[in-house]
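Chains, contacts and geometry: an overview
In case you want the letters, here they are:
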Amino acid sequence: MRALLLCFALVSGIGSANAQSRSRYNAILRAQRDSGFSGVVLVAHDDSILFERAYSPLNGNPLTLNTKFNIGSMTKSFTAAAILKLRSEHRLSFSDPVSRFFPHAPAQKRDITVFHLLTHTSCLAGHSAGSGIMRRGGAVTASLSQRLEYPPGTHYRYADDDYQLLAAIIEVASGETWEKFVERELLVPAKMRSTSFQGSDWGHKGANGMRSTTKDIYRWLTGIHEARLFGRTESRELESPLMHVRSSPPFEIHYGYGTRVYVSGGKVAEVMYSGSGDTRSTSIARVMADGTIVVILSNAGQRRGTTWASYVAERLVPRNASPNGTGTSP
């Protein structure tokens with residue numbers, strides 16, 4: 001009986017703590033909505049969703065938990081994961097030069113590798129040369145026709161061209177369209193039934209071009225974090241840093257597989273996915289070292305130079321809220 005009472009007290013205590021967290025989140029979000037925020041918010045801890053709510057704009061179309069948003073550059077994480085999938089099937093390697101897939105690549109670009117594209121170290125000077133181009137060959141030519149700012153592999157420079165080229169590589173290596181490969185190999189296994197593609201030009205392939213819901217993004221994050229979609233080694237790789245970008249004490253910020261990875265004390269403190277799309281859509285998903293997950297998809301645009309999604313995510317779970325910089329558990 002004593003053990004039963006103890007168990008009941010423990011469960012009651014957890015339930016009370018979760019209720020307090022939900023109340024705090026809602027208070028923060030209602031205040032932000034009054035200042036212009038609108039969107040759908042999900043907070044979880046590992047496999048448990050603790051908070052999920054839609055905040056419609058004060059003047060505009062109502063939002064629901066099933067509203068789909070343009071996730072912008074969060075698309076890059078799917079393209080990177082597709083590259084890992086092809087590597088696991090021995091259809092490509094990170095050291096492969098682009099000339100393997102595009103034999104007519106200009107001489108000075110032939111040694112750009114798959115790894116350079118993954119890490120934004122191709123050093124191509126443009127940003128989205130494939131925009132408005134419908135044919136893969138034309139988009140590849142446009143991207144590889146840009147000048148090199150530095151020798152490949154020597155400097156980090158964020159650009160959509162790198163992931164548009166990765167999408168083209170996926171098509172050559174798989175014999176399928178980027179969309180079909182991503183859907184079959186990633187979306188279906190992750191049970192992401194509300195995620196789709198938009199746009200048909202190469203500005204919407206690889207780097208951008210996907211729409212999703214908070215619940216589907218949560219399925220994606222937990223599918224990686226819990227090694228349900230990949231082997232344990234590949235799952236950990238997808239949450240690891242690839243290329244150091246800058247120092248922001250107490251963090252070292254790295255670029256990962258379409259993500260930003262915050263490292264503190266030699267350990268990964270947070271993996272962050274983010275994006276901005278059309279119709280004022282902004283998105284962010286944060287996976288903390290303590291198991292906290294925050295997903296925000298917004299249609300409110302910017303707030304004083306930062307995206308509403310990013311601003312609200314930091315209000316809910318501050319990055320420096322705990323001594324090790326991993327945030328607090330809900």
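Residues numbered from 1 in each chain as written. Predicted model: local features only at pLDDT ≥ 70, side-chain atom pairs only at ≥ 80, totals over all residues. Heavy atoms only, no water.

Focus: the sheet that holds strand E8 (residues 260-264)
Quick reminder of the rule: Strands qualify as paired when DSSP identifies two bridges or more between them. Helix numbers and strand numbers start at the N terminus; a helix is a DSSP run of H or I with at least 4 residues, a strand a run of E with at least 2. Fitted lines through C-alpha atoms give the axes, limited to the stretch in contact for helices. The angle between two N-to-C directions lies from 0 to 180 degrees.
One open sheet holds the eight strands; their spatial order is E2-E1-E11-E10-E9-E8-E7-E6, and the pairing between them is antiparallel. Only two strands of the sheet have a single partner each, and these edge strands are strand E2 (48-55) and strand E6 (243-248). Put simply, the sheet's adjacent strands are angled 15 degrees from each other on average, direction ignored.

Considerations on the pairing of E2
Of the pairings in the sheet, the one linking strand E1 (residues 39-45) to E2 comprises seven bridges and is antiparallel in character. Its bridge partner lying in E2, Val41 is registered against Arg53. Between E1 and E2, which follow one another and run antiparallel, lie two residues, and Asp46 among them has a positive phi close to 55 degrees.

Remarks on the packing of helix H2 (residues 75-88) against helix H6 (residues 178-187)
Threshold: Relative orientations are named as follows: roughly parallel for angles under 35 degrees, roughly antiparallel for angles over 145 degrees, roughly perpendicular for angles from 65 to 115 degrees, and oblique for any other angle. Contacts are residue-level and defined by heavy atoms, with any inter-residue pair within 4.5 Å sufficient. Charged means Asp, Glu, Lys or Arg here, nonpolar means Ala, Val, Leu, Ile, Met, Phe, Trp, Tyr, Cys or Pro, and polar covers whatever is left, Gly included.
Axis separation between H2 and H6 bottoms out at 10 Å; the angle between their running directions is 80 degrees. Taken together, H2 and H6 sit at an angle that is classed as roughly perpendicular. For the pair H2 and H6, the contacting residues are Thr75, Phe78, Thr79, Ala81, Ala82, Lys85 and Leu86 in the first and Trp178, Phe181, Val182, Glu185, Leu186 and Leu187 in the second. For the contact of H2 with H6, the residue count by class is nine nonpolar, two polar and two charged.

Here's the deal with the side chain of Ser281
What counts, and what does not: Remark: exposure states derive from per-residue accessible area (1.4 Å probe, protein chains only) relative to the maximum for the residue type, with buried under 20%, exposed over 50%, and partly exposed in between.
Checked against the element boundaries, Ser281 lands in the loop between strand E9 (267-276) and strand E10 (282-288). For Ser281, a relative accessible area of 5% corresponds to the buried category. For Ser281, the contacting residues outside a window of four places in its chain are Phe69, Asn70, Gly275, Ser276, Ser298 and Asn299.

As for unusual backbone geometry
In most cases, non-glycine residues show a negative phi, while peptide bonds are predominantly trans. A cis amide bond, omega 10 degrees, links Pro249 with the succeeding residue Pro250. Within the secondary structure, Pro250 sits in the loop between E6 and strand E7 (251-255). You will see that His120, though not glycine, has its phi angle at about 55 degrees, which is positive. Its identity as a non-glycine residue notwithstanding, Lys191 has a phi of 60 degrees, on the positive side.

Focus on the sheet that holds strand E4 (residues 196-197)
The antiparallel open sheet is built from three strands, whose spatial order is E3-E5-E4. In this open sheet, the two edge strands, each paired with only one partner strand, are strand E3 (69-70) and E4. Sheet analysis places E3 next to strand E5 (residues 210-212), joined by two bridges and oriented antiparallel. Residue pairing for E5: Phe69 is matched across the bridge by Ser212.

Some details on the side chain of Ser283
The criterion, for reference: We call two N or O atoms a polar contact when they sit within 3.5 Å, provided that within protein one can donate a hydrogen and the other can accept it, with sequence-adjacent residues counted only if both atoms are side-chain atoms.
Along the polypeptide, Ser283 turns up in strand E10. There is a polar contact of 3.2 Å between the side chain of Ser283 and the backbone oxygen of Ile71. Excluding its chain neighbours within four sequence positions, the residues that come into contact with Ser283 are Ile71, Met74, Tyr273, Ser274, Gly275, Ile296, Leu297 and Ala309.

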